[in-house]
Amino acid sequence: MSADRLRTAPSRPRAALLALATGLALAGIGAAPMAWAAPPAATAGVDIPYETFTLPNGLRVVVHTDRKAPIVAVNIWYHVGSKDEPAGRSGFAHLFEHLMFQASEHHDGEFFDPFKQVGVTDQNGTTNTDRTNYFQNVPTTALDMALWMESDRMGHLLGAVDQAALDEQRGVVQNEKRQGENQPYGQVWDRLSRSLYPKDHPYHRGVIGSMNDLNAASLDDVKQWFRTWYGPNNAVLVLAGDIDLATARRKAMQYFGDIPAGPTMAQPQVDVAKRPADTRETMQDQVPQARIYRVWNVAELGSVDIDRLQVLASVLGGAKASRLDRRLLHEDKLVDNISAGAWPSQLGSSFGIIATVKQGVDPAMVEAAIDEELERLIAEGPTADELERAKTSFRAGFVRGIERIGGFGGKADALAECTVYEGDPGCFRASLANVAATTAEDVKAVGAKWLDVGSHTITVVPGARAPLAEEPAVTPAPLTTPAPDRKFTTTRSRIDRSTGVPETREFPELKFPELQRAMLSNGTEVILARRPEIPVVQLSYEFKGGYTADQGRTPGTASFAMSLLDEGAGGLGALEFADRVESLGASIGAGASLDGSNAYVSALKENLDGSLALFADMLQRPNFEQKEIDRIKATWIAGIAQEKARPASVAMRVLPPLVYGQGHPYAIPFTGSGDEASIAKLGREDLLAFHRDWVRPEGATLIVVGDTTLEEIVPMLETHFGAWRGTGPAPAPVEVAEVARPATSRVFLIDQPGAVQANIFAAQVIPPTNDPASTRFDMANTVIGGDFTARLNMNLREDKHWSYGARSSASGTLGQRPWMASAPVQIDKTAEAMAEMQREFADFASGTRPPSEAELARARAINTLSLPGAYETAWSVMSTIGGNVRFGRPDDYVFQRKAEIESMTVSDLAGAAASIDPRALTWVVVGDLSQIEAPVRALGLGDVQVLDADGKPVASAKR
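Residues numbered from 1 in each chain as written. Predicted model: local features only at pLDDT ≥ 70, side-chain atom pairs only at ≥ 80, totals over all residues. Heavy atoms only, no water.

### Concerning the overall build of the protein
Across its full length, the protein carries 33 helices and 24 strands. The C-alpha atoms of the protein give 27 Å as radius of gyration, which agrees with the globular expectation for 959 residues (30 Å, within 12%). Overall, the protein is about 80 × 70 × 60 Å in size when its C-alpha atoms are taken along their principal axes. Residues classed as buried in the protein amount to 63% of the 959 residues present. Accessible surface, the protein: about 33,100 Å² in total, of which carbon and sulfur atoms supply 52%. (Helix = DSSP H or I, 4+ residues; strand = E, 2+ residues; numbered from the N terminus. Rg over C-alpha atoms; globule rule 2.2 N^0.38 Å. Buried < 20%, exposed > 50% of the residue type's maximum accessible area, 1.4 Å probe, protein only. Areas by Shrake-Rupley, 256 points an atom, 1.4 Å probe, with all protein chains shown as cover.)

Below you can see the structure in the form of structure tokens.
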């Protein structure tokens, strides 16, 4: 449940198309030149076929059939967003979205509850300027339940909305607002909205709203909002997945047909609000380096111009070797990162450039270089190669994106967005065609038209963060509801809602792809899971040697070395290598984790051989050029400073040494980034040594998932990898020693002056992932903090509304696992929240409030009934196989784990809960010391120490 801060998250196709096209940017090393093949002329067709109908009450229904998994995506969009809020009622659309997850007239309790009982996946809701949406993937057999629930809140909500529900969700939303503003640069988007649009423009207000307006929202306002905007004739329902048109028609009529239409509300006229002059401002924030945001108001969603601006953005700053990256990052070395993007919206879109300025560089120099590159692109246009790379990359992203039926940016989102904004579920086809047809002259023309003048620039510089001032309060006129539209009719109710939510009695069986194996001549085992649904093949080369391999080396070596693999290889420089990757429509990269590392490539089937050639060069012949090492090193060190400025990441740097003890392989920042001094002294020989020792084929595993067969892929792999051999003896496995828990709890405070929230973490070691009781602990964790409906979140968010969300989790590790609970809370409730967390842990572990049968049933459903939908994507299958490889699990582990969970008892969960020792926790709290230190000390949870962002003790006035 979230509010888009501006229109910066492309969650809409045309914008959802952008999400599909760019949503799989994979993160991410000799001298023999590689054999590179140009992409073939013929490419596979891509589409999202659909059928549609409209109910008599005006509800538009779009149906897409995809039988690869026994699940259905239920996605409903209401054509109302923050643009529709009257003055003085900012944040109302988003607040109402939260209320829709409470009880309805025929279901008493959280909206999530029945879905958790059937194994829902990808469930959430979001609000932006233009629409509010709700979505979930459910097993096919639970579709009746899902439609009953969605229709009950559409047609029968108001009788269940009371003052208590409004007050609860108002508090949650206000903490969501605090959480966003508490992040570095977190106030920028609200400032941009105010500056880019005049006060009477619907986009002037931030989606999440002002504290004053949220406080002023009344129960009558809520009810009027619902009556005005939440009628079926203002909604689009998409059903995608294991369903057909006849079934969809019957069920939509059954559950939604009797809901009367609401008023037909006019949509605001398109108002791009193109600005006549450039403007600028400077703001201070608690940030380690300056950042420049430059944004223009540009053509609206649904126009050819916004599609052409996507191409311009890709060439300018949307690719690894784009013009801005090439000039400012690689050549002039003025920035640590830079990007450009076009973000479509209904009344007018945004085009923005964001640059994080290198320490010691004048932001004015960065702006001058940006101006030069933008003016040059508009004057000369892109080269033929740049244009084709941008088009190929866009199309490749779309191909990958249409694998998902639901969730953020899936096929259901694309169909819903197109229907809501353009009345055509297939509008994404026009966008694809527009991008494919864009010429260099088109790019020049659209840039000259929209990116000449009218930008607003915000430069954020290090300094003291001031609260974001609220605009003067406006007394709103009373909300009134127009009369319902009489042209729509209803049908007689076909269901008896008094009997409650339909019970789901049967569930689809878990299916996991059959795994096939082969052995390459280089000693690597190949594991193939065939997934022919889309023309994409994904590979992940799994190695040992993660962060733990830094033992005896410079801290951060593993992560740094793996991240440099794709910065030039096989004699190709970093930029040329990136160009080749983009030309093939591939995604390629490498990374490290605590106990291992991997390198991966996602290739279009049509370009598989050429993509494998690049992948092979990256692994076997990384350049490790000194100039690239120096460039990445400077950016890396800046990134560590950014980690220290963010409350969550500074905790992930400080906590592990406290939990495991100095010198332990896991006593390192869990970000893997090391520290500034260690990275500064890394040399090329250090990277070559790590590559020699740990990136080697013997004993490695190559996972392949996608549209291929062993007969096809193994010869290709032999061609590109068969002659690869490791050099010298392989290093011995890293020994991860056991550590004892502390004798008593300890509390560590890190100062974040001016923070409006405190970020609370509590951690403890538990047995390794391979421990026989590991699954039982995971189930117990689901009850205490591993799910939205778990005890911690229900307490701190839903009951107390002190937090936007509280969670707990245990990472998978070969050694003792770190179990952590976290809660960002409003600053004045820090001590109270810690006391509540401590009480929850103690009651759970001691048996004062042991796991109940109902909690066991919910945890069992969450962890087993969701499995048929959990492996919808190739990436999820690859991740599961990778876990099996890392932890030595059998191929049928998912089935074994499911059976173990199904046989668990509350006694099993109580035993696992008892393994938590609430008297031996390590607490880390990041917040404004002047507000939190005294009340936290007064709690008496344990010895309290104040640390800096490096985890070193500092003096405290309270001592």
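### Topic: the packing of helix α26 (residues 791-799) against helix α27 (residues 830-846)
The interhelical angle for the contact between α26 and α27, taken along N-to-C directions, is 155°, at an axis separation of 10 Å. Between α26 and α27, the angle is such that the two are roughly antiparallel. In terms of crossing hand, the pair formed by α26 and α27 is right-handed. Residues R791, L792, N795 and L796 of α26 touch α27, and the partners they reach there are A833, E836, M837, R839, E840, F841 and F844. Partitioned by chemical class, the residues of the contact of α26 with α27 number six nonpolar, one polar and four charged. (Axes fitted to C-alpha atoms, helices over the stretch in contact; angles between N-to-C directions. Parallel < 35°, antiparallel > 145°, perpendicular 65-115°, else oblique. Left-handed = near helix turned anticlockwise from the far one by under 90°. Contact = heavy atoms within 4.5 Å. Nonpolar A, V, L, I, M, F, W, Y, C, P; charged D, E, K, R; others polar.)

### A closer look at helix α10 (residues 304-317)
The end-to-end C-alpha distance of α10 is 20 Å, a good match for the 20 Å that 14 residues give at a rise of 1.5 Å each. Of all 14 residues in α10, twelve are buried; the element is thus mostly enclosed. Along α10, the residues classified as buried are D305, I306, D307, L309, Q310, V311, L312, A313, S314, V315, L316 and G317. (Expected span 1.5 Å × (residues − 1).)

### What about the sheet that holds strand β19 (residues 746-751)?
Taken in spatial order, the six strands line up as β21-β22-β20-β23-β19-β24 in an open sheet, and their pairing is mixed. Bordering the open sheet on either side are β21 (807-810) and β24 (943-947), each of which pairs with just one other strand. Averaged over all pairs of adjacent strands, the angle between strand axes in this sheet comes to 20°, irrespective of strand direction. (Pairing = 2+ DSSP bridges.)

### Here we look at the nonpolar core
Counting residues in hydrophobic clusters, the biggest one holds 78 residues, and the most contacted among them are Y541, F615 and L619. Of the residues forming this core, the biggest block, eight residues, is contributed by helix α21 (residues 647-660). Grouped together as the second largest cluster of nonpolar side chains are 68 residues, I48, L301, L312 and A369 included. (Core = buried A, V, L, I, M, F, W, Y, C linked by side-chain atoms within 4.5 Å.)

### Quick look at the confidence of the model for the protein
Put simply, the protein has an average pLDDT of 92, and 95% of its residues get 70 or more. Residue range residues 5-14 is modelled with pLDDT below 50. Its contacts to residues more than four positions away, or to other chains, number 54 contacts. (pLDDT = per-residue confidence, 0-100.)

### Here we look at the pattern of salt bridges
Overall, the coordinates contain 64 salt bridges when judged by the stated rule. Of the charged contacts in the structure, one is a salt bridge between E798 and R797, with a shortest N-O distance of 2.7 Å. Between R937 and E933 there is a salt bridge, and its shortest N-O distance comes to 2.9 Å. In this pair, R937 and E933 both sit in helix α33 (residues 929-939), four residues apart, roughly one turn of the helix. Linked through salt bridges whose partners overlap, the residues forming this network are D799, K800, E836, R839, E840, D843 and R849. (Salt bridge = Lys/Arg side-chain N within 4 Å of Asp/Glu carboxyl O.)

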